[in-house]
Amino acid sequence: MPVTAPKTVRLDVLARELGAELHGPGDLEVTGLGTLGAAGPGQLTFLANPRYRAHLENSQAGAVLLRADQLDVCPVAALVVKDPYLAYAKASHFFDTASVPAAGVHAAACVAEDAVVPASASVGPNAVIEAGVVLGEGVVIGANSVVGAGSSLGDGCRIWPNVTIYHGVHIGPRSIIHANCVLGADGFGFAPTASGWTKIAQVGGVRIGADVEIGAGTTVDRGAIDDTVIGDGVILDNQIQVAHNVVIGDHTAVAGKVGIAGSSRIGAYCMIGGAAGISGHLEICDKVQILGMSLVSRSITEPGTYGSALPVDKQDRYRRNVARFRHLDELYRRVLKLERDAE
């Protein structure tokens, strides 16, 4: 039977685990999470943004995670912490509803004779574990997922259903791969000929670090020669395309529908907004923030925030601005001529 996390937690236990200062009865039990405005007496909530302070004053929650300067208006039990949002993130795992399958290999799974599958691992129905695969302790392979020949997964990895991991993919410990991901498919490598295209064999692999989370439907292509590399602690949202030989530095976060073209290198601790596009063979240094829907067409060498997308506007004004934009080069040349004539 699946094993699930406890769903009822005493406040004194939460305070101890979160390093919080408890104001209220330690034996009070909370059974779930709720938003600040809607949480009921049995739920835990949090206040991280001062804009929602008015909701705190009328809260019906069982307990609230908050900072010390918000305690005076809290009408219910409080857990005082320095960072309420981080504390909420940690507390959320007490109430996680995702089941953890029991260890063992399902009778409908197909496991190669030479694959290393420890007794603590769980392999779901119709999963395929090919030759030379090495699974770490406590690895979970969901139903219908495939782990290709020679791949390895570190301790505590969780692979959700319908994931395809090609040959020669190596994933570090405690990483999570969500449903319908494809890791290690061929990169987009073709040589043009007079009659069409000649495919280039993609002989590299994929290396994914520890504590990485990859969202549903994301694809990470294998390297053409060297490996595609995802660093430790990287978080990738849903439906991202990571092309061959891309390198993403440690602890970088990438939002949904971003496209990263081949051989680009992204530094550590970067944040890339949704639907941004990054051209190939570029370098982005550490600690860069790229706003959503931006197009990065040249390397970025200095940390900071960058953006290029036009914000939404009323249709008539947007059309006028687009029409004027077409004359920008002409206007520039006229201004340049006026400046020269004035000299």
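Along each chain, the written sequence defines residue order, and numbers are assigned to residues from 1. For this predicted model, a pLDDT threshold of at least 70 governs which residues receive local features, and a threshold of 80 or more governs which side-chain atom pairs are given and counted, while totals over whole chains, interfaces and linings are taken from all residues. Computation of side-chain values covers all heavy atoms of the structure but excludes hydrogens and water.

Asks: Honestly, the nonpolar core in this entry has me stumped. Any pointers?
Replies: Nonpolar side chains tend to gather and get buried jointly when the protein is soluble and globular. One finds Ile141, Leu153, Ile171, Leu183, Val242, Ile248 and Ile284 to be the most contacted residues of the largest nonpolar core, which totals 48 residues. The helix and strand labels rest on DSSP assignments: H or I over at least four residues marks a helix, E over at least two residues marks a strand, and numbering proceeds from the N terminus. Taken together, the elements giving at least two residues each to this core come down to β18 (169–171), β23 (206–208) and β36 (288–290). Only heavy atoms enter the contact rule, under which two residues are in contact if any of them lie within 4.5 Å. Leaving out residues up to four positions away in the same chain, Val242 has contacts with Thr219, Val220, Asp221, Thr228, Ile230, Leu236, Ile248 and Ile260. Counting 17 residues, the second largest nonpolar core, distinct from the first, contains Leu14, Val30, Ala91 and Phe94. To form a nonpolar core, buried Ala, Val, Leu, Ile, Met, Phe, Trp, Tyr and Cys residues must be joined to one another through side-chain atoms within 4.5 Å. Three labels apply to residues, based on accessible area from a 1.4 Å probe with only protein chains included: buried if under 20% of the type maximum, exposed if over 50%, partly exposed otherwise in between.

Asks: Just to check I follow, could you spell out the pairing of strand β5 (residues 43–46) for this structure?
Replies: As a general feature of sheets, a regular strand has side chains that alternate between the two faces. In the sheet, strand β4 (residues 32–33) pairs with β5 via two bridges, with the strands oriented parallel. Following the sheet pairing, Gly32 is matched in β5 by Gln43. By this definition, two strands are paired if DSSP reports at least two bridges between them. Of the strand pairs in this sheet, β5 and strand β6 (residues 63–66) are connected by three bridges, and their pairing is parallel. Bridge assignment links Thr45 to a residue of β6, and that residue is Val64.

Asks: Honestly, a nonpolar patch on the surface in this entry has me stumped. Any pointers?
Replies: A patch consists of residues exposed above 30% relative accessible area that lack any salt bridge, with like charges linked at up to 9 Å and nonpolar side chains (Val, Leu, Ile, Met, Phe, Trp, Tyr) linked at up to 5 Å. Only the protein chains shown count as covering a residue, and every accessible area follows the Shrake-Rupley method with a 1.4 Å probe. A carboxyl oxygen of Asp or Glu within 4 Å of a side-chain nitrogen of Lys or Arg is what we treat as a salt bridge. On the surface, Phe325, Leu328, Leu331 and Val335 cluster together to form a nonpolar patch covering roughly 390 Å² of accessible area. By residue number, the principal contributor to the nonpolar patch is helix α5 (residues 328–342), which donates three residues. What makes Leu331 partly exposed here is its relative accessible area of 46%.

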